[in-house]
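# Inside the fold
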Amino acid sequence: MDTSRAVSLRTTAEGAEQGMTTQTDRPDFNPGDALRAMERHQPILWLDLTGQVRTTTPGFSALWGKDAIFEVSGPAPWAQLAGGEPQNRQGVLCTPDGRRHAALGQYLPIRDADQRVTGIALTVTPRAPAARPGEFAAMIDLAPAAMALLDGDFRLVHCNGALAKLLGRDRAELMGRALEDLVAEGEPELPPADCARLQQRSISLLQIERRLRRGPGETRNTWAQIHLSHVETGGAEDQARFVAQFQDVSEQREVQHIKSNFVATVSHELRTPLTSIKGALGMIGGTMADADPSRTERLLSIAVKNCDRLTLLVNDILDMEKISSGQSRFHLAEAPIWTLLEQAEVTNQPFGREHGVTFALSEAPREAWVRVDVERFQQVMSNLMSNAAKFSPDGSTVMLSCGVSEGHVTISVTDCGPGIAPEFREKIFMPFSQADDSSTRAKGGTGLGLNITRQIVERMGGEIGFENHNAGGCTFWVRLPEIAPTTRAEREIERIGDGTRRPMVLHVEHDRDFAEVLRMAFDRRAVVTHAVTMADAAWYARQNPFDLVLIDWDGIQTGGTNLLNVIEAMQPGVPIYGLSTRDAAVDPRVRRNLIKSRVRLEQMVDAFAARPNADHAVRVA
């Protein structure tokens, strides 16, 4: 029945009976007669806003009995109906003779002349008789998809041959097993809250993806998208059961695995060569600038600049993939916010100068501490500050500020640009999002920076947002929980050597080009021994004392633990650092894992091997 039409007829009929003019004035049409005819034949209950039955139509009483009751399955619809929203609910119609019938209730708000909701019209429509268990099982057997019939406790009472084939088991073996028994070990359990809602009919469909437990001797991983839904199988008690359909998504998973391997290959094959090129060009520009003609120096500068741009591009793509998939590791440490902001100001000043912009740090609370991944925090600041610089006019100042309120530290970056366009506000943190106007596109970038920034901030327990200013400009803010410092984690790189001799460095690196660049970067400040394999490095560790060990975990598949054991036994206390293209999980004996593409070689060398009269620790961005 069209309930909206029924209410329209009722309103029109009332107007006609009161002598009011209606839109329908044909002499052969009487709205009051139409309403009375409808009430004689249609099963409708008139309810108040609390769900109490005020009256029933003759059609309802004749069909089901005057005292029949409709019981709603799931949450009551009264709040939505009071707001004027029509609702549909599954339920059970209980008749005076004790029978119970599955039915659909269609609720429609009734409004008065002032459009206020004053009542509810409920139309009850019986559902088709349920299929007998045997009939439904026969239909499942004919289905090409893997399917099973479950009882109210999610145990298999029937399954088809397609499911047995998918699991590599006999059908008889699967009977009576709980659905969870079909899920492989180590997989998350079925969500209990959602399963309870499905049992209570608060929801009609539950979808989960799990790796399945296959039969003995079956080694192939099988992933399935499992769809659980209601089905009525009849019976004296009208017991609710469930149908489970298993969609094999193993191939899609394999494609995802191949994609992940490709990303890892890109990380290894692009980041290391880029770092080598950048380091070599930087050294040439630094040591030969006075001897080279100005034109050559300019070309070197352009090469370094474009290496930086390409490195940032690769970093953005890889970071988005790793962070969104949960593969990126965060090493949280306590740090004073003032020190972090000072470092951000100094690190990003060169970028600001390229765009004719100055970064200025206003006074910030020096006693406030936060718990962050220091390198990731600096990545957040670089993203926000570079955006502010690109969109601010020449000669302007981008302000960095910080405040503490209600247990949170709020960092703000305020630019002098045009602000965020209203139509772009909802999309600004989405991946690949860039404003459409040509002036914005001319600024460059992948549109990933703010999406990555938001993910990093949220992984560190914070939140990010922005606000436009009426006088122009925009402020991006990051809010992090304030902490009371306990033990200060060592995030600085410590000096090596005692100043009386050149320190000895053991560098484990399979890429010979990068190893040569690193050796030249240390120049005469340290003696670098290069080992291609972990076995070679272990041999060197047994023969010579070292002041520092740098290990690239990429491309070296085995021997890492053995090398650390040898170093620990032969040279206890020697500092060990990772220097890799990826943020890999490392042994706790490794003090820190440095990411090649995020570390400037000249800064790292300055941090490890001090220049004359430099005896303080240096942070590496």
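Overview of the structure. Here the structure is a predicted model, which means the values were calculated and not measured.

Moving on to the sheet that holds strand 20 (residues 527–531). One open sheet accounts for five strands, arranged 20-19-21-22-23; its pairing is parallel. The strands lining the two open edges of the sheet, one partner per strand, are strand 20 and strand 23 (592–595). Within this sheet the neighbouring strands show an average axis-to-axis angle of 25°, counted without direction. With four bridges connecting them, strand 22 (residues 576–580) and strand 23 associate as parallel partners. For Ser580, the partnering residue across the bridge sits in strand 23 and is Ile595.

Counting residues in each nonpolar core, the largest one holds 45 residues, and the members touching the most others are Ile337, Phe377, Met381, Ile411 and Phe476. In terms of residue count, the dominant contributor to this core is helix 12 (residues 374–390) (eight residues). Setting aside anything within four residues of it in sequence, one finds Ile337 in contact with Pro365, Ala368, Trp369, Val370, Phe377, Cys402, Val409 and Ile411. Ala148, Cys159, Leu174 and Leu212 belong to the second-largest nonpolar core, a separate cluster that totals 26 residues.

Packing of helix 12 against helix 14 (residues 449–459) leaves a shortest axis separation of 10 Å and a crossing angle of 145°. Crossing geometry of helix 12 relative to helix 14 is assigned as left-handed. Seen from helix 12, the contacting residues are Arg376, Gln379, Val380, Asn383, Leu384 and Asn387; seen from helix 14, they are Gly449, Leu450, Ile452, Thr453, Ile456 and Val457.

Let's shift gears to the pattern of salt bridges. Under the criterion given, the structure shown has 15 salt bridges. Between Glu173 and Arg177 there is a salt bridge whose closest N-O contact spans 3.9 Å. Looking at Glu173, the relative accessible area reads 34%, which means it is partly exposed. The exposure class of Arg177 is partly exposed, given its relative accessible area of 29%. Taking the shortest distance from any N to any O, the salt bridge between Asp547 and Arg501 comes out at 2.9 Å. Here Asp547 is found in the loop between helix 16 (534–543) and strand 21 (548–551), whereas its partner Arg501 is found in the loop between strand 18 (474–483) and strand 19 (504–508), with 46 residues between them in sequence. Accessibility expressed as a relative area gives 15% for Asp547, which makes it buried. Residue class for Arg501 comes out partly exposed when judged on its relative accessible area of 43%. Connected through shared salt-bridge partners, Glu509, Asp552 and Lys596 make up one network.

Here the focus is the environment of Thr475. Along the chain, Thr475 falls in strand 18. Considered as a pair, Thr475 and Asp415 are 60 residues apart in the sequence and their alpha carbons are 6.5 Å apart. When residues no more than four places from it in sequence are discounted, the contact partners of Thr475 are Ser412, Val413, Thr414, Gly465, Phe466, Glu467 and His469. Here the side chain of Thr475 touches Thr414 through a polar contact of 2.7 Å, side chain to side chain. One polar contact links Thr475 to His469, side chain to side chain, over a distance of 2.6 Å.

The rules behind each value
- Residues numbered from 1 in each chain as written.
- Predicted model: local features only at pLDDT ≥ 70, side-chain atom pairs only at ≥ 80, totals over all residues.
- Heavy atoms only, no water.
- Pairing = 2+ DSSP bridges.
- Helix = DSSP H or I, 4+ residues; strand = E, 2+ residues; numbered from the N terminus.
- Axes fitted to C-alpha atoms, helices over the stretch in contact; angles between N-to-C directions.
- Core = buried A, V, L, I, M, F, W, Y, C linked by side-chain atoms within 4.5 Å.
- Buried < 20%, exposed > 50% of the residue type's maximum accessible area, 1.4 Å probe, protein only.
- Contact = heavy atoms within 4.5 Å.
- Left-handed = near helix turned anticlockwise from the far one by under 90°.
- Salt bridge = Lys/Arg side-chain N within 4 Å of Asp/Glu carboxyl O.
- Polar contact = N/O pair within 3.5 Å; in protein donor to acceptor, adjacent residues only side chain to side chain.

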